[in-house]
Amino acid sequence: MGTDLHELLKSLRVWDPEVTDLPELDRAAAPAEPLPLFTRWFAEAVAAGQPEPHTMSLATADAEGLPDVRIVMLHGADADGWSFATHAHSRKGGHLAARPYAALAFYWSALGRQVRVRGPVGTAPAEEAQADLHARSTGALAAALTGRQSEVLGSPEDLVRASEAAWERARREPDAPAPSWTLYRLRPDEVEFFQGDALRRHTRLRYCRSPREGWTRELLWP
């Protein structure tokens, strides 16, 4: 007997109070720029036991403007922007080459929080990308050395052979270069913080950057 998707969806609860804490967003105490608030919220998500809080949705568009989205890992956030990495020849790398603009979304269900970030995307110097890769795990290096990301795979055996060779090299050469590995930085011109509320009176605080005024803040209807 198959699963009734609609009945299953109706049975699910949003922000179950047994596992979810819904703190308030003090708008008056919000900092003038978004990065300090993001850093604090990220730390609070970690403290709340949110699984994999450093994962995020990355939305891009291809040359024709058709959207795509996937989950990637945050590599850092500072004055230069929010950073992530991939092969330049991957699908998302191709999208960013054609349309260097993207959006990020974090969802931390343990606190009923979202953070949305969007803006232009640039690339870090190659040596910085390689340093970022080599600071990660052996598995991350092996995955990067396997290469051919987003290409059509002929068979699972082809992947096994390439992966085994990449793991062997990663263990033997922990500084092995992966030339196509690219560190991207999204420099936000808009960051929105969403704090859920049990009565659905959600708080949405949006930061917008303008060349003349810098960051400005405004509230949005939920």
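Presented here is an overview of the structure given in this document. Here the structure is a predicted model, which is why all the values come from computation and not from measurement.

**Structural notes on the overall build of the protein**
Per the secondary structure count, the protein includes 6 helices and 10 strands. Principal-axis analysis of the C-alpha atoms places the extent of the protein at approximately 60 × 55 × 40 Å. Counting the 222 residues in the protein, one finds 36% classified as buried. Sequence-distant contacts, at least 24 apart, represent 65% of the contacts inside the protein between residues at least 6 apart.

**With respect to the pattern of salt bridges**
Overall, the coordinates contain 16 salt bridges when judged by the stated rule. Its salt-bridge partner being Arg113, residue Glu44 comes within 2.6 Å of it at the nearest N-O pair. Pair noted here: Glu44 is in helix α2 (residues 34-47) and Arg113 is in strand β6 (residues 113-123), with a separation of 69 residues, a long-range link. Its relative accessible area of 30% is what places Glu44 among the partly exposed residues. Three or more residues are tied together by salt bridges with common partners; here these are Glu168, Arg169, Arg172 and Glu173.

**Focus on the packing of helix α5 (residues 138-146) against helix α6 (residues 156-172)**
Here α5 crosses α6 at 130°, and the two axes come no closer than 8 Å. One element, α5, and the other, α6, form an angle in the oblique class. For the pair α5 and α6, the crossing hand works out as right-handed. In this structure, α5 contributes Thr138, Gly139, Leu141, Ala142, Leu145 and Thr146 to the contact, and α6 contributes Leu159, Ala162, Ser163, Ala166, Trp167, Arg169, Ala170 and Arg171.

**Points about helix α3 (residues 91-98)**
An α-helix turns once per 3.6 residues; consequently, residues spaced three or four apart project the same way. When α3 is considered as a whole, its buried residues turn out to be Lys92, Gly93, His95 and Leu96. Projected onto a plane normal to the axis of α3, the buried residues spread over an arc of 160° and lie on a single side. Residues of α3 that are exposed and angled more than 90 degrees away from the buried face: Arg91 and Ala97. Considering only its buried residues, α3 is in contact with β1 (55-61), β2 (67-73), β4 (81-87), β5 (101-108), β6 and β7 (181-186).

**Details of the pairing of β4**
Most of β4 is tucked away, with 7 of its 7 residues classed as buried. Remark: 2 residues form the turn of the hairpin made by strand β3 (residues 76-78) and β4, two consecutive strands paired antiparallel. Alignment of β4 against β7, held across 6 bridges, turns out to be antiparallel. The residue bridging His87 from the neighbouring strand is Trp181, located in β7.

**Points about helix α4 (residues 126-134)**
Among the residues of α4, those classed as buried are Ala129, Gln130, Asp132 and Leu133. Looking down the long axis of α4, one finds its buried residues gathered within 160° of arc, a one-sided arrangement. Where α4 is buried, its residues meet β4, α5 and β7.

**Side note on the packing of aromatic side chains**
Overall, the coordinates contain 11 aromatic pairs when judged by the stated rule. Judged by centre distance (5.9 Å) and plane angle (45°), the ring pair of Phe38 and Trp108 falls under tilted. One end of the pair, Phe38, is in helix α2; the other, Trp108, is in strand β5, with 70 residues separating them in the sequence. Like Trp108, Phe38 is buried.

Cut-offs applied
- Residues numbered from 1 in each chain as written.
- Predicted model: local features only at pLDDT ≥ 70, side-chain atom pairs only at ≥ 80, totals over all residues.
- Heavy atoms only, no water.
- Helix = DSSP H or I, 4+ residues; strand = E, 2+ residues; numbered from the N terminus.
- Buried < 20%, exposed > 50% of the residue type's maximum accessible area, 1.4 Å probe, protein only.
- Contact = heavy atoms within 4.5 Å.
- Salt bridge = Lys/Arg side-chain N within 4 Å of Asp/Glu carboxyl O.
- Axes fitted to C-alpha atoms, helices over the stretch in contact; angles between N-to-C directions.
- Parallel < 35°, antiparallel > 145°, perpendicular 65-115°, else oblique.
- Left-handed = near helix turned anticlockwise from the far one by under 90°.
- Arc of directions from axis to C-beta.
- Pairing = 2+ DSSP bridges.
- Phe/Tyr/Trp six-rings, centres within 6.5 Å; stacked < 30°, edge-to-face > 60°.

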